[in-house]
Amino acid sequence: QVQLVESGGGLVQAGGSLRLSCAGSGRTFSAYVMGWFRQAPGKEREFVSVMNWNGDTFDYADAVKGRFTISRDNAKNTVYLQMNNLIPEDTAVYYCAAAKYYRSVYSQHSYNYWGQGTQVTVSS
């Protein structure tokens, strides 16, 4: 089992940056595919980014490509989401999630474990 705890959210002006962290517990963290999702008020949870176990395969939603960067440090059991050039439309609760397989990674239903979420608010 993996427990995930996100941190790093906050309030930032448009054009600013934030780095989210997701710390995982358990010795098998490095074996998991790690994803980031977000959910804005009144909207469904949506895929943001994903990275496989060793970092050589990753992907982004079109809305964040070129602005967000996912990375992971398996020695620290942590995955990161660097968010640059933030826009008000990025305002949401951001969740990290762990999946056993790099399969249908754009769907939240493919993920086995979830963090509690961290709020990101971008003001205009």
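Above this text is the structure in question.
Residues numbered from 1 in each chain as written. Predicted model: local features only at pLDDT ≥ 70, side-chain atom pairs only at ≥ 80, totals over all residues. Heavy atoms only, no water.

## A word on the pairing of strand 3 (residues 18-24)
Thinking step 1. With five of its seven residues buried, strand 3 lies for the most part within the structure.
Thinking step 2. Examined bridge by bridge, strand 1 (residues 4-7) and strand 3 share four bridges and lie antiparallel to one another. Each residue of the ladder has a partner; that of Leu 4, found in strand 3, is Gly 24.
Thinking step 3. Bridge count between strand 3 and strand 8 (residues 78-83): six bridges; the pairing is antiparallel. For Leu 20, the partnering residue across the bridge sits in strand 8 and is Leu 81. (Buried < 20%, exposed > 50% of the residue type's maximum accessible area, 1.4 Å probe, protein only. Helix = DSSP H or I, 4+ residues; strand = E, 2+ residues; numbered from the N terminus. Pairing = 2+ DSSP bridges.)

## As for the pattern of salt bridges
Thinking step 1. Considering all chains together, one arrives at four salt bridges under this definition.
Thinking step 2. Note that Arg 38 is salt-bridged to Asp 90, the shortest N-O span being 2.9 Å. Of the two residues, Arg 38 is situated in strand 4 (residues 33-39) and Asp 90 in the loop between strand 8 and strand 9 (92-99); the sequence distance between them amounts to 52 residues.
Thinking step 3. Judged by relative accessible area, Asp 90 falls into the buried class, the value being 1%.
Thinking step 4. Notably, a salt bridge pairs Asp 90 with Arg 67, separated by 2.7 Å at the nearest N-O pair. Of this pair, Asp 90 sits in the loop between strand 8 and strand 9 while Arg 67 sits in the loop between strand 6 (58-60) and strand 7 (68-73), placing them 23 residues apart in sequence.
Thinking step 5. Looking at Arg 67, the relative accessible area reads 12%, which means it is buried.
Thinking step 6. A single network of salt bridges, built from pairs that share partners, joins Arg 38, Glu 46, Arg 67 and Asp 90. (Salt bridge = Lys/Arg side-chain N within 4 Å of Asp/Glu carboxyl O.)

## Focus on the sheet that holds strand 7
Thinking step 1. Strand order across the open sheet formed by four strands is 1-3-8-7, with antiparallel pairing between neighbours. Looking at strand neighbours, the two that pair on one side only are strand 1 and strand 7, the edges of this open sheet. Averaged over all pairs of adjacent strands, the angle between strand axes in this sheet comes to 15 degrees, irrespective of strand direction.
Thinking step 2. Note that strand 7 and strand 8 share six bridges and pair antiparallel. Of the residues in strand 8, the one forming a bridge with Ile 70 is Leu 81. (Axes fitted to C-alpha atoms, helices over the stretch in contact; angles between N-to-C directions.)

## Some thoughts on the pairing of strand 11 (residues 118-123)
Thinking step 1. Of the two faces of strand 11, the one holding Thr 118, Val 120 and Val 122 is buried and the one holding Gln 119, Thr 121 and Ser 123 is not buried anywhere.
Thinking step 2. Note that strand 2 (residues 10-13) and strand 11 share four bridges and pair parallel. Counted as the bridge partner of Leu 11 is Thr 121 from strand 11.
Thinking step 3. For strand 9 and strand 11, the ladder comprises three bridges, and the chain directions are antiparallel. Along strand 11, the bridge assignment pairs Ala 92 with Val 120.

## What about the packing of aromatic side chains?
Thinking step 1. Under the defined criterion, the tally for this structure stands at eight aromatic pairs.
Thinking step 2. Look at Phe 58 and Tyr 60: their rings are 6.1 Å apart centre to centre, the planes differ by 70 degrees, and that puts the pair in the edge-to-face class.
Thinking step 3. On the basis of relative accessible area, Tyr 60 is assigned to the buried category, the value being 15%.
Thinking step 4. Taken together, the aromatic side chains of Phe 37, Phe 47, Tyr 95, Tyr 106, Tyr 111 and Trp 114 make up a single cluster linked through ring pairs.
Thinking step 5. Note that Arg 45 overlies the ring of Trp 114, its terminal NZ or CZ placed 4.7 Å from the centroid.
Thinking step 6. Lying across the ring of Tyr 101, Arg 103 places its NZ or CZ 4.8 Å from the centre. (Phe/Tyr/Trp six-rings, centres within 6.5 Å; stacked < 30°, edge-to-face > 60°. Lys NZ or Arg CZ within 6 Å of the ring centre and 35° of its normal.)

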